[in-house]
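Structural overview for review
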Amino acid sequence: MTAARFEAAPDSLDPTDWESVRQMGHRMVDNMVDMLAGLREAPTWQPLPPEARQALRSGELPAGPTDLAEVYREFQTLIQPYGSGNAHPRFMGWVQGGGNPVGMLAELLAAATNPNLGGRDHAPIEVERKVIRWAAQMLGFPADASGVLVTGTSMANLIAVLVARTRALGTSVRQEGLQGKPLVAYTSVEAHNCVARAMDMAGLGSQALRLIALDAQHRMDMDALQTAIAQDRAAGLQPFLLVGSAGTVDTGAVDDLPALAALARAEGLWFHADAAYGALAMLSPAQRPLVQGLSEADSVAFDFHKWAQVPYDAGCIVVRDAALHAATFASQPAYLQRSARGLAGNLPWPTDFGPDLSRGFRALKVWMTLKTYGADKLGEVVARNCALARQLAAHVDAHTELKRLAPVTLNVVCFRVRGEGCDLDALNADIAADVQESGVAVLSTTRIHGVLALRAALVNHRTREEDVQMLLDAVLAAAARRRSPA
Ligand SMILES: *Cc1c(COP(=O)(O)O)cnc(C)c1O
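The paragraphs below set out a description of the structure included in this document. (Residues numbered from 1 in each chain as written. Predicted model: local features only at pLDDT ≥ 70, side-chain atom pairs only at ≥ 80, totals over all residues. Heavy atoms only, no water.)

**Focus: the packing of aromatic side chains**
Rules: Classification of ring pairs rests on two measures: the distance between centres of Phe, Tyr or Trp rings, Trp counted by its six-membered ring, which must be within 6.5 Å, and the angle between planes, read as stacked under 30 degrees, edge-to-face over 60 and tilted in between. When the NZ atom of lysine or the CZ atom of arginine is within 6 Å of a ring's centre and also within 35 degrees of its normal, the charge is said to sit over that ring.
All told, the structure shown has four aromatic pairs when counted by the stated rule. For Arg320, the ring lying beneath its charged end belongs to Phe141, and the centroid distance is 4.5 Å.

**Some details on the site of the ligand**
Convention followed: By convention in this text, a residue qualifies as near a molecule or strand provided that one of its non-hydrogen atoms is within 4 Å of it. Definition of a polar contact: a pair of N or O atoms within 3.5 Å, with one able to donate and the other able to accept a hydrogen when the atoms are protein atoms, and with sequence-neighbouring residues admitted only if both atoms are side-chain atoms. Per-residue accessibility takes into account occlusion by the displayed protein chains alone, with areas from the Shrake-Rupley method and a 1.4 Å probe. In the scheme used here, Gly and all other residues not listed as nonpolar or charged are polar, with Ala, Val, Leu, Ile, Met, Phe, Trp, Tyr, Cys and Pro taken as nonpolar and Asp, Glu, Lys and Arg as charged.
Taken together, 13 residues lie around the ligand, and Ser154, Asp274, Asp303, His305 and Lys306 are the ones closest in. Ser154 places a side-chain nitrogen or oxygen 2.6 Å from an oxygen atom of the ligand. At 2.9 Å from an oxygen atom of the ligand is found a side-chain nitrogen or oxygen belonging to Lys306. Out of a free accessible area of 380 Å², the ligand has 85% covered by protein chains. In terms of residue class, the shell around the ligand is made up of four nonpolar, six polar and three charged.

**Overview of the state of the cysteines**
Applicable threshold: Cysteine sulfur atoms are paired as a disulfide whenever they fall within 2.5 Å. Only protein chains enter the accessibility calculation, which uses a 1.4 Å probe; a residue whose area is less than 20% of its type maximum is buried, one above 50% is exposed, and one in between is partly exposed.
Across all of its chains, the model carries zero disulfides by this definition. Looking at Cys386, it has no disulfide partner, and the nearest cysteine sulfur is the one in Cys414, 14 Å off. Classification of Cys386 as buried rests on a relative accessible area of 0%. Lacking any disulfide linkage, Cys422 is separated from the closest cysteine sulfur, that of Cys414, by 19 Å.

**Description of the pattern of salt bridges**
Note the cut-off: Within this document, salt bridges are pairs made up of a side-chain nitrogen of Lys or Arg and a carboxyl oxygen of Asp or Glu, the two lying within 4 Å of each other. Where helices and strands are cited, they refer to DSSP runs of H or I of at least four residues and of E of at least two residues respectively, numbered from the N terminus.
Going through the model one piece at a time under the given rule, you end up with 22 salt bridges. Of the charged contacts in the structure, one is a salt bridge between Lys365 and Glu107, with a shortest N-O distance of 3.4 Å. With a gap of 258 residues between them, Lys365 in helix α13 (residues 362–373) and Glu107 in helix α4 (residues 101–113) connect regions that are remote in the sequence. On the accessibility criterion, Lys365 (3% relative accessible area) is buried. With relative accessibility at 30%, the residue Glu107 sits in the partly exposed group. For Arg219, the salt bridge is made with Asp215, and the minimal N-O distance between the two is 3.1 Å. Residues joined by salt bridges that share partners form a network here, namely Arg40, Arg90, Arg464, Glu466 and Asp467.

**Comments concerning α4**
Put simply, the rule is: An expected span of 1.5 Å times one less than the residue number is assigned to each helix. What the arc describes is the spread of directions from the helix axis to the C-beta atoms.
Taking 1.5 Å as the rise per residue, α4 with 13 residues should run 18 Å; its terminal C-alpha atoms sit 19 Å apart, in good agreement. Restricting attention to buried positions, one finds in α4 the residues Val102, Gly103, Ala106 and Ala110. For α4, the buried positions fall inside an angular range of 90 degrees around the axis, keeping them on one side. For α4, exposure combined with an orientation more than 90 degrees from the buried face picks out Leu108, Ala111 and Ala112. You can read the cap of α4 off the contacts: a side-chain oxygen lies 2.9 Å from the backbone nitrogen of Val102, and it is on Asn100. Residue Asn114 follows α4 closely and has a positive phi angle near 50 degrees.

Here's what the structure looks like:
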């Protein structure tokens, strides 16, 4: 049988022969299933060859058609082999999820049906609402908490800053602006940089975010926090927001969330938690006690695309006070007129809870992933990743050539290769790049107490003990080669 060639109809973008779409689709699904099934044998990451990069960068806006089979061939040869690697079991570089096959299929269904989840009355809106309800349940939030799916925790944190601002200044801030009100916020020095960016984008300024020092467990130091709040009040400033971290990117540290919640209540601050990946620890009985304090927050930001393994992108914000959340974003221009009946009903709409109007059907891949696997199974991934992190830490501690640089709270292990008479920062940076370029595994670097650390973040559901061992062996082999080049 010869493949039917995809050819667009003269008066639409649909094909003249639907068989051509079916055949190409089947081929693509077959190839992607083979790709996922063979991940473990493929390189974790490989650099984009110069010719491939050149090919991707060349060419003007295509005025005429190209055969779909040819376009797909370009995907297969130029794009697919040179991805970012985070689907691979030995990707331990950054805090990134691995995706999952159910989520992959859900993306096809979402794109095929192509609803706009800004609002209106249709079933996909109910799917997103259900996902938000499940998120609230996972976090121990009340059932009437509001929320919305967004690109990621960066956007979710921005939404939280804006809601906290509305609480501090009233809804008139939306018309009148800040009017010079000196709002200040607090988080730890180890908080993700997107919290500072959120302050910046909200017009409050990143300098109005106080970065509080850490205790020995890399948690926000409570005494330093209280001192900073008192000093700001004495200076006539208006503290309004406290941001706790449940799982920092640097070390996986979890702030003392119940203590932060109590302090925020006493000081009248909005308590927001950046739980980008740590929120999913709520699903693991072993890890839950560490993050249980999330249920005391006023708002929580987290990602389904990290520890919940939903394909990118799928971030989430959940807010305890739905009315305040809506009062921060809702507005009703005439062209978005709502009605009690018909397609323009079904209030409130997702657009009332964030800056986006048009929104894709992200909720479907989350809904299908959660339903198909069940929350317990995702909690087991969390538990397994944390157990592997402890194992890796034990190997590091037992090895004379390696030194651990931070406590292991959840799933992140920071360490480095020891040495004398050389620049250890440079040596370890080279080792990280050597291991990445070897294709065996990916780890990243960060700075801990001023020195460069190798960081292994265990987030991927596919990672096994043998993968952690291969990473460790690759680090030691790279160190040996660097010390005595052949
Ligand atoms: C990943 C991460 C972020 C940023 O989330 P995005 O989904 O990349 O926008 C923020 N905070 C923490 C703790 C993270 O791990």
